[in-house]
Amino acid sequence: MPYSDEVIDHYNNPRNVGSFEKDEKDVGTGVVGAPECGDVMKLQLKIDNGVIVDAKFKTFGCGSAIASSSLATEWVKGKSVDEAMTLKNTDIVEKLHLPPVKIHCSVLAEDAIKAAIEDYKKRNGG
Amino acid sequence: MNMPIYMDNHSTTKVDPGVIEEMLPYFTVHYGNAASRNHTFGWDADKAVEAARERVTKIIGADSREIIFTSGATESNNLALKGVVEMYVEKGNHIITQVTEHRSVLDTAKRLEKSGINVTFLPVDSNGLVDPDDVRKAITDRTVLISIMLVNNEIGVIQPIEEIGKIAKERGILFHCDATQGIGKVPVDVQTMGIDLLSYTAHKLYGPKGIGALYVRRKNPRVRLSPIIDGGGHERGMRSGTLNVPGIVGFGKACEIAMKVMKEESARLLSLRERLRKGITDSLEEVYLNGHPARRMPGNLNLSFAYVEGESLLMGLKEIALSSGSACTSATLEPSYVLQALGVSPELAHSSVRFGLGRFNTEEEVDYVINRVTETVNRLREMSPLYEMAKAGVDLKQVRWRK
Ligand SMILES: Cc1ncc(COP(=O)(O)O)c(C=O)c1O
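Residues numbered from 1 in each chain as written. Chains lettered and ligands numbered in written order. Predicted model: local features only at pLDDT ≥ 70, side-chain atom pairs only at ≥ 80, totals over all residues. Heavy atoms only, no water.

1. Details of the overall build of chain B
Okay, so step 1: Counting its regular elements, chain B contains 13 helices and 13 strands.
Okay, so step 2: Relative to a compact globule of 403 residues, whose C-alpha radius of gyration would be 22 Å, chain B shows 22 Å and is just as compact.
Okay, so step 3: Judged by the C-alpha coordinates and their principal axes, chain B covers about 75 × 50 × 35 Å.
Okay, so step 4: Within chain B, the proportion of its 403 residues that are buried is 58%.
Okay, so step 5: Long-range contacts, defined as pairs at least 24 residues apart, comprise 74% of the intrachain contacts of chain B with a sequence gap of at least 6. (Helix = DSSP H or I, 4+ residues; strand = E, 2+ residues; numbered from the N terminus. Rg over C-alpha atoms; globule rule 2.2 N^0.38 Å. Buried < 20%, exposed > 50% of the residue type's maximum accessible area, 1.4 Å probe, protein only. Contact = heavy atoms within 4.5 Å.)

Below is the structure:
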């Protein structure tokens, strides 16, 4: 199946690839998915005063999974933690024009953001 | 070098120019129906079909009266299994096959199972091979058919057909072989291999799509079949429907060319395959070969690239036509059942790529592919959380994943 231009763009020029030191106090890390399912996303957020000041990701998965996580990092940067929690996978589906078989990639990206925020909160006593 | 590069020759092949040339007049000049008995158009078409029949049977060491033309190997496999089971229903209700067969055998067997037939799906070992002893042990006095493929379409491994053929003969059981991927690539002889029914198709050997054949042995023993397509009684009543004359002519020519060039072509493809394998494994670590290293057809290479998902790899190689066992390339989200049957872990099955070299691939293309694969795997590994974890010494098997 042909990929949408948006997926191709994120695949060729992924935004915010990389890692933060996961033990840093201002970093939240979310790792979701499993190798045997063919997708693992690691999404990290750097949070300052309730605002996401930076985000990074690494993804093992198909082009749509890479694009979904790349887009997610782009979207959450500059948003408050509360705003980021409201991000829906359907927003990703729409933006990337994902076909039905790739919807799970967008769900994973949403889960990764939530997991990263959860991790941050847990490690910062809240 | 022409772009894009086609390296997916197990999926289908380019039609050889010599084949096209022979087919053309059967669209434009001799376009008669081979069943028309009263004019030269019909006679010419019939003559061409019979000449092609000779060529198509010669490549498997059979007699020209022993094949039925079909629409391809899918139909041939359906006809072999369903046709034998229905015809020999009095004799028994058990068939034996194995887990890495093509879907056209597996799904046919599963349908038969629903209608009350017992099916044994034999396992394969970690190299993808069936143990002939397992075949022997699975036979019961109700067994009517053994169906084992010659060459696997994903991993290219060659099954021990001759040994299985011998066992089938000893026990008086019919033996069907799906030889679709092997014809014209490895030597096939229905006599020495003890094959009673054999499926093949033109489009895997540089012939046209939509034409195939089923070999049905005429003596020692004489195999009888129930047709699955009824109608005008073509192909001795075994497969009704107007013959695809240009397709049949092309199939014949493709077989003739294959017989002529097979020896030389196999040697050339083997050397290209080894160049590709060595080139990739020398420049990348943690690349695993799937399937037996030696017992495989010359043009096949199936590799798993740890920490990189197969579909994303193919996406980065968009100017190269390849195929992957990753779930993302299928509708089911399950990675290749063939690789899983070998005991390849699901994560490595997701990371697999099939390289299918063929007649028109060149050394220059192989070198280009080595470079592009290396570059793309390295790029994707830099983006892979699994690679990062493995490099940091994390044992990925011990991680509790959050699915
Ligand atoms: C082993 C095997 N059997 C059967 C088939 C089906 O052949 P066809 O496309 O002619 O129906 C294929 C090709 O996809 C194959 O590789």
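2. Quick notes on empty space enclosed by the protein
Okay, so step 1: Applying the stated criterion across every chain, the model contains 2 cavities of 30 Å³ or more.
Okay, so step 2: Its volume calculated, the largest cavity comes out at about 100 Å³.
Okay, so step 3: Looking at the lining of the largest cavity, its residues break down into 6 nonpolar, 6 polar and 2 charged.
Okay, so step 4: The residues that make up the lining of the largest cavity include at least three from each of domain 1 (17-257) and domain 2 (262-398) of chain B.
Okay, so step 5: Within this model, the second largest cavity holds a volume of roughly 50 Å³.
Okay, so step 6: Taken together, A:Thr59, A:Phe60, A:Gly61, A:Ile66, B:Tyr307, B:Val308, B:Glu309, B:Ser312, B:Leu380, B:Met383 and B:Ser384 make up the lining of the second largest cavity.
Okay, so step 7: Here the lining of the second largest cavity is composed, by residue class, of 6 nonpolar, 4 polar and 1 charged. (1 Å grid on protein atoms, 1.4 Å probe; cavity = no way out; pocket = protein on both sides within 12 Å on 5 of 7 lines; lining within 4 Å. Points joined across faces, edges and corners; volume = space filled by probe spheres on them. Nonpolar A, V, L, I, M, F, W, Y, C, P; charged D, E, K, R; others polar. Domains from an automatic or database assignment.)

3. Topic: the environment of B:His102
Residue and element names in this part refer to chain B.
Okay, so step 1: Mapped onto the fold, histidine 102 is located in the loop between strand 3 (94-98) and helix 5 (103-114).
Okay, so step 2: Along the sequence, histidine 102 and alanine 73 sit 29 residues apart, while their C-alpha atoms lie 9.9 Å from each other.
Okay, so step 3: With near-sequence residues (within four places) excluded, histidine 102 lies in contact with Thr74, Met149, Asn153, Asp178 and Tyr337.

4. Considering the sheet that holds strand 3 (residues 51-60) of chain A
Residues and elements named next belong to chain A.
Okay, so step 1: On the basis of which strands lie adjacent, the open sheet formed by 3 strands has the order 1-2-3 and antiparallel pairing. Edge positions in the sheet fall to strand 1 (27-34) and strand 3, since each has one partner strand and no second. In this sheet, adjacent strand axes meet at a mean angle of 15° when their direction is disregarded.
Okay, so step 2: Sheet topology places strand 2 (residues 39-48) next to strand 3; 9 bridges connect them, and they run antiparallel. Looking across to strand 3, one finds that lysine 42 is bridged to lysine 58. (Pairing = 2+ DSSP bridges. Axes fitted to C-alpha atoms, helices over the stretch in contact; angles between N-to-C directions.)

5. A few points about the interface of chain B and chain A
Okay, so step 1: The partner chain A presents 31 residues to the 26 residues of chain B that form the contact.
Okay, so step 2: Across the chain B to chain A interface the summed buried area is about 2,500 Å²; carbon plus sulfur atoms make up 62%.
Okay, so step 3: On the chain B side of the contact with chain A, B:Met315, B:Met383 and B:Arg402 bury the most area, a combined 28% of that side's loss.
Okay, so step 4: Of the charged contacts in the structure, one is a salt bridge between A:Lys42 and B:Glu388, with a shortest N-O distance of 2.6 Å.
Okay, so step 5: One can count 13 residue pairs in polar contact (both at pLDDT 80 or more) joining chain B with chain A.
Okay, so step 6: Taken together, the elements giving at least two residues each to the side of chain B that touches chain A come down to helix 9 (310-316), helix 11 (346-350), helix 12 (363-382) and helix 13 (385-391) of chain B. (Buried area = accessible area lost by both parts, 1.4 Å probe. Salt bridge = Lys/Arg side-chain N within 4 Å of Asp/Glu carboxyl O. Polar contact = N/O pair within 3.5 Å; in protein donor to acceptor, adjacent residues only side chain to side chain.)

6. Focus on the site of the ligand
All names here are of chain B.
Okay, so step 1: Taken together, 14 residues lie near the ligand, and Thr74, Asp178, Gln181, Thr201 and Lys204 sit nearest.
Okay, so step 2: Take threonine 201: an N or O atom from its side chain is 2.7 Å from an oxygen atom of the ligand.
Okay, so step 3: Lysine 204 is positioned such that a nitrogen or oxygen atom in its side chain is 2.9 Å from an oxygen atom of the ligand.
Okay, so step 4: Starting from 390 Å² of accessible surface for the ligand in isolation, the protein chains cover 84%. (Near = heavy atom within 4 Å. Areas by Shrake-Rupley, 256 points an atom, 1.4 Å probe, with all protein chains shown as cover.)

7. A closer look at the packing of helix 2 (residues 63-76) of chain A against helix 4 (residues 89-96) of chain A
Residues and elements named next belong to chain A.
Okay, so step 1: In the contact formed by helix 2 and helix 4, the axes pass within 10 Å of each other and the chain directions differ by 110°. If you check the angle between helix 2 and helix 4, you find them roughly perpendicular. Judged by the sense of rotation from one axis to the other, the crossing of helix 2 with helix 4 is right-handed. Residues Ala67, Ser68, Leu71 and Trp75 of helix 2 form the contact with helix 4, whose participating residues are Asp91, Ile92, Lys95 and Leu96. (Parallel < 35°, antiparallel > 145°, perpendicular 65-115°, else oblique. Left-handed = near helix turned anticlockwise from the far one by under 90°.)

8. Quick look at the sheet that holds strand 8 (residues 212-216) of chain B
All names here are of chain B.
Okay, so step 1: If you trace the 7 strands from one edge of the open sheet to the other, you get 2-8-7-6-5-3-4, paired in mixed fashion. At either margin of the open sheet sits one strand with a lone partner, and together these are strand 2 (67-70) and strand 4 (118-122). For this sheet the average axis-to-axis angle between neighbouring strands, irrespective of direction, equals 20°.
Okay, so step 2: Judged from the 3 bridges that link them, strand 6 (residues 174-178) and strand 7 (residues 197-201) form a sheet pairing that is parallel. Looking at strand 7, one finds that histidine 176 is bridged to leucine 197.

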